[in-house]
Amino acid sequence: MSNVYGFDFLRSEHVSSNHDDTTTLHELLPTQSFDQSNQEEAAQGPELTTATTTSHPYHEKTDLEKQFDVIQFLQNHRSSGCLPPSIIYKSINVDLSEGGRDENVTKLLLKNARIKVEEIPDPENPTLTILTFGYQAKFNNVRNRTGLIAQVNRAKNGIRRKDLLDSYEGIEEDIDELITSGDVIAVLNSEDKDKILFPRGESFLVELDGIVRMQDLNREELIAKYTPKQTQITTAAATETTTETTTTTKTPTSTVDEKESTLIKSNGLSEEVQKEAIRKAEMEIEKSLYLAKTDVNPKHQIRRGEAIWVGGQWFRVSSAVREGIPLSEQPTKAQAPLSVTSRKEMSKKNEVEGYIRKFDGKTIPLDHKMQTETIENMQAAMEALKNLHDVASKHRGASGKPQKGPGAQLLSSNANAGNPEELAAAFACSVSSVNFRRRPGLGPVGNRNHLLLSHSADAKRAAEDLEMTKKVASNPNLVYARARRHGCTLDVRDLYLATREEIPPPEQEVDIYNMLIKYKLLEPEEPMKRPRMSKRNMMLDENGKPKKRRYYERKGQRLTNTHLIGTEIGQALAAAAEKQQQGKSVGDGGM
């Protein structure tokens, strides 16, 4: 049946290749021409030919099959640009050289829109030229993640995901990360089950309440936790014995592995038990990389499946119900939505089956593992918070009063919408104002010089404290102390939905305006609405009058409707062309 319709090239034995695409191009470079290699193979006798035929059954491929092999090879090596026929021949045994046996394949490739052909000097004979072939993606300007975002932003009407997949290696992971972070908007096309990508525009991010941090785990404590109780007692006794022996004999210390093996042998502890304890400890540490701890209940602010920013990396709040499978391959009811926010909770059936990662008042489950950079950012944020609290406690000890204003906002677990630089400056000023006060001029006249010197020293110390406080409060690592999300939190959304019926109708805008002024949300003379931006009409000039159209003849323009010369239509066209040359209007073109 396949022969009747010409689909021989779709058979599995035709598509399978006998070469490894991961071979480097340096290994593929030939050291001699095609004819020389063929002659040497023939000169080696029938034994080599028989062995080759036995190991690789010969099958004469059609031109379409060879074209398919060439396209696949060029696509796998698209980052290398255009490749000469010698490399292609040595890799997939297709001769694209001028006058070669696969000249018909060359003609097919020249007509293929996915193949880029360049003519370069022949390396062996610079007086001649050869054709090089390379893969050309549909969007050839997309070569990295930055180009991908730029291309999506240019496509106001959307762009198909499958049209981008052949642009560069690793683009699928980049697209998934952009969808997860909300940098692009993805909509599922129900007809072909493909995703359409749209530009996001300006995003609206808010901080979540609570300080996020890593789960504190100690490897040695975990190993002791998973070691049987009787084994722990024996190990402790053996450790004391080993320590005493080492102190008495003063032998050099051995490596950690040697110590562990010595303890295992002295205790009669099998290596399997110890390795099992280490394996369980490593598994628990690995699982902790999928969890973020917080001191404020996150379930009132975000739900499963929504996007969350932790430590400079974007995640989805995990809704996985099966272990070892990415979120995109989970059952349909457990997959995160394409949008960064959702209007309802996940399916109740997931709770029956059970989520693999808990989501409670102190834990935020993540859909994939934290990167090393993310962990370092969170650790740096904890260190910056510790320094900030040290400065605040010093200030509180000097004043005897708790923090208020900017200090309370910076030190609390609640999120704030203030400008970080302004908060840091205000916090530093509040600290310095308490630590440095002008002393009253008490005492005899002879002590004034001492008071002046003491006052200047206090001023210098206060300036140093102010600079240090500003530096601590404006630490850029503080931004990683809180998580972020797209759009308002769940509690704010629920508050709006519960009270939106109490909002007066539009005809009572005056009452709303007075209420906004009353609660100091607007200034007395500030307009309630901004004027709508009007689009400028490009057909009008600055005075609102129609622009005078000017017509220009392009250089080298010639009349093509020569068969109309001498007819009524030709005379009308000639008159219109003459008016255009004079700058006069010739109508709307029949529109």
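Note that the structure is a prediction, hence the values are computed from the model and not measured.

**With respect to the overall build of the protein**
In step 1: Along its length, the protein carries 22 helices and eleven strands.
In step 2: Put simply, the protein has 591 residues, and 29% of those count as buried.
In step 3: Pairs at least 24 apart in sequence give 65% of the contacts found in the protein among residues at least 6 apart.
In step 4: About 40,300 Å² of surface is accessible on the protein, with carbon and sulfur atoms providing 53% of the total.

**Concerning the pairing of strand β8 (residues 307–310)**
In step 1: Neither face of β8 is left uncovered, since the one carrying A307 and W309 and the one carrying I308 and V310 both have all their residues buried.
In step 2: Across four bridges, the pairing between β8 and strand β9 (residues 313–316) is antiparallel. Paired with I308 across the strands is F315, a residue of β9.
In step 3: Linking β8 back to β9 in an antiparallel pair, the connection comprises two residues, with G311 at a positive phi of about 60°.

**Things to note about the nonpolar core**
In step 1: In this structure, I308, V310 and M370 are the most contacted members of the largest nonpolar core, which totals 17 residues.
In step 2: Breaking this core down by element, the ones donating at least two residues are β8 and α16 (372–399).
In step 3: Other than its neighbours up to four places away in sequence, I308 contacts L208, I302, Q313, W314, F315, V317, I364, L366, A483 and R484.
In step 4: Judged by nonpolar contacts, the second largest core, of 16 residues, contains L74, V94, V105 and Y135.

**As for the pattern of salt bridges**
In step 1: Applying the stated criterion across every chain, the model contains 21 salt bridges.
In step 2: Residue E284 is joined to K225 by a salt bridge in which the shortest nitrogen-to-oxygen separation is 3.9 Å. In this pair, E284 is assigned in helix α14 (residues 271–288) and K225 in helix α11 (residues 219–226), connecting sequence segments 59 residues apart.
In step 3: Taking the relative accessible area as the measure of exposure, K225 reaches 53% and is therefore exposed.
In step 4: Sharing partners across several salt bridges, the network here consists of E60, K66, R101 and D102.

**What to know about the sheet that holds strand β3 (residues 159–160)**
In step 1: Spatially, the three strands line up as an open sheet ordered β3-β5-β4, and their pairing is antiparallel. The open sheet is flanked by β3 and β4 (184–189), the only strands paired with a single partner.
In step 2: Strands in contact with helix α9 (residues 145–154) are β3, β4 and β5 (194–199); relative to β5, the strand with the most contacts, it is inclined by about 85°.

**Re the side chain of N350**
In step 1: Note that N350 resides in helix α15 (residues 348–353).
In step 2: Residue N350 is classed as buried on the basis of its relative accessible area of 0%.
In step 3: Each residue touching N350, except ones within four places of it in the same chain, is listed here: V321, K333, A334 and Y355.

**What about the packing of α9 against helix α10 (residues 171–181)?**
In step 1: Contact geometry for α9 and α10: axes closest at 10 Å, N-to-C directions at 60°. Accordingly, the angle class assigned to the pair α9 and α10 is oblique. In the crossing of α9 with α10, the sense of the turn from one axis to the other is right-handed. Contacts between α9 and α10 involve R145, L148 and I149 from the first element and I171, D174, I175, E177 and L178 from the second.

**Here we look at helix α6 (residues 63–76)**
In step 1: Its 14 residues give α6 an end-to-end C-alpha distance of 20 Å, which sits within 8% of 20 Å, the value for a rise of 1.5 Å per residue.
In step 2: Among the residues making up α6, those that are buried are E65, K66, Q67, D69, V70, I71, F73 and L74.

**Examining the packing of aromatic side chains**
In step 1: Across all of its chains, the model carries one aromatic pair by this definition.
In step 2: Ring geometry for W309 against Y480: centres 5.8 Å apart, planes inclined by 25°, an arrangement best described as stacked. Here Y480 lies in the loop between α19 (448–473) and β11 (484–486) and W309 lies in strand β8, a separation of 171 residues in the sequence.
In step 3: Here the basic side chain of R304 rests over the ring of Y355, its NZ or CZ set 3.8 Å away from the ring centre.
In step 4: Taking the ring centre of W309 as reference, the NZ or CZ of R484 above it sits at 4.7 Å.

**Let's talk about the pairing of β5**
In step 1: As defined by bridge partners, β3 adjoins β5 across two bridges and the pair is classed as antiparallel. Within the sheet, the bridge partner assigned to R160 lies in β5 and is I196.
In step 2: Here six bridges tie β4 to β5, and the two strands are oriented antiparallel to one another. Within the sheet, the bridge partner assigned to N189 lies in β5 and is D194.
In step 3: Between β4 and β5, which pair antiparallel and follow one another directly, the connecting turn spans four residues, one of which, K193, has a positive phi of 60°.

**Some remarks on the environment of A380**
In step 1: Residue position: A380 is located in helix α16.
In step 2: On a C-alpha basis, the gap between A380 and G311 in space is 9.7 Å, while along the polypeptide they are 69 residues apart.

**A few points about the side chain of T363**
In step 1: Within the secondary structure layout, T363 lies in strand β10 (residues 363–365).
In step 2: The class of T363 is buried, set by a relative accessible area of 1%.
In step 3: A distance of 2.9 Å separates the side chain of T363 from the side chain of K293, its partner in a polar contact.
In step 4: With residues up to four places along the chain from it excluded, the contact list for T363 reads L291, A292, K293, T294, P298 and K358.

The rules behind each value
- Residues numbered from 1 in each chain as written.
- Predicted model: local features only at pLDDT ≥ 70, side-chain atom pairs only at ≥ 80, totals over all residues.
- Heavy atoms only, no water.
- Helix = DSSP H or I, 4+ residues; strand = E, 2+ residues; numbered from the N terminus.
- Buried < 20%, exposed > 50% of the residue type's maximum accessible area, 1.4 Å probe, protein only.
- Contact = heavy atoms within 4.5 Å.
- Areas by Shrake-Rupley, 256 points an atom, 1.4 Å probe, with all protein chains shown as cover.
- Pairing = 2+ DSSP bridges.
- Core = buried A, V, L, I, M, F, W, Y, C linked by side-chain atoms within 4.5 Å.
- Salt bridge = Lys/Arg side-chain N within 4 Å of Asp/Glu carboxyl O.
- Axes fitted to C-alpha atoms, helices over the stretch in contact; angles between N-to-C directions.
- Parallel < 35°, antiparallel > 145°, perpendicular 65-115°, else oblique.
- Left-handed = near helix turned anticlockwise from the far one by under 90°.
- Expected span 1.5 Å × (residues − 1).
- Phe/Tyr/Trp six-rings, centres within 6.5 Å; stacked < 30°, edge-to-face > 60°.
- Lys NZ or Arg CZ within 6 Å of the ring centre and 35° of its normal.
- Polar contact = N/O pair within 3.5 Å; in protein donor to acceptor, adjacent residues only side chain to side chain.

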